[in-house]
Every structure is written in C-alpha cells, then in structure tokens.
Amino acid sequence: MQKQWVSCSASLPHDGDPIHFQLCDRNVPMDGTYTSGVFHSRWSDYDVGRVRSWSALNIVAIVAAAARTISAISAELVAQPSIPQEQAS
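Being a predicted model, the structure only gives us computed values, none of them experimental.

Chemist: Give a detailed account of the packing of aromatic side chains, specifying residues and quantitative values.
Modeler: For the structure on display, the rule yields three aromatic pairs. Members of the aromatic cluster, connected to one another through ring pairs, are F21, Y34, F39 and Y46.

Chemist: Explain the state of the cysteines to me, and be specific about the residues and the numbers.
Modeler: The tally for this structure, following the rule as stated, stands at zero disulfides. Considering cysteine sulfurs only, C24 is the nearest to C8, which forms no disulfide, with 7.5 Å between them. Residue C24 is classed as partly exposed on the basis of its relative accessible area, which comes to 46%.

Chemist: Describe the sheet that holds strand 2 (residues 18-23), with residues and values.
Modeler: Spatial strand order, 1-6-2-3-4-5: six strands in an open sheet with antiparallel pairing. The sheet is open, and its two borders are formed by strand 1 (6-7) and strand 5 (45-47), each paired with just one other strand. Pairing between strand 2 and strand 3 (residues 30-35): four bridges, direction antiparallel. Paired with H20 across the bridge in strand 3 is D31.

The rules behind the values
Residues numbered from 1 in each chain as written. Predicted model: local features only at pLDDT ≥ 70, side-chain atom pairs only at ≥ 80, totals over all residues. Heavy atoms only, no water. Phe/Tyr/Trp six-rings, centres within 6.5 Å; stacked < 30°, edge-to-face > 60°. Disulfide = S-S within 2.5 Å. Buried < 20%, exposed > 50% of the residue type's maximum accessible area, 1.4 Å probe, protein only. Pairing = 2+ DSSP bridges. Helix = DSSP H or I, 4+ residues; strand = E, 2+ residues; numbered from the N terminus.

None of the figures reported here should be taken as evidence of function without further support.
Now the structure itself:
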C-alpha cells in the first residue's frame, strides 16, 4: 500500500499523532510526533517551516508485524530439539 504524503502547506497532523516526516532539505523520512506546531523526532524538534511533508504512521500495522515476528521466532524455538542438561555444561 502506497503511503500518502501530505504537504505541510496543505494540512498538519493532529496533536500527538505518531507520524513520518521529511525535512525540506532531506529525502529520508523520520519517525516522530507532532505537537503544537512542532515536529518531534528522537533526535530533535523541527518547526513546521523546516518540514516539507508528513505521513500518518500505521501503528496497527507495526504492532501486527511485530506480533508475527515474535510468533515466528517462538515457533522456531519450540521446533528446535532441546539440549540435554548434561551436554549443555
């Protein structure tokens, strides 16, 4: 599914929304949140004037992917034969 990028001049996210955003001088998106006219990333805060566009983060999809990964790892661990305690030492 194609991510929909929104220009900051068209609209802004709601306060507290988890988002991806791209700075005007960069092509790599960052994850963060938006609050009171400021985009917050893990590293810094950026005024609206420095941000070119943003896209909503799909938290449901991220959590579902993490759950599938954990389930797959658990299944692999269960399928592996256990090592008897005498051999483990």
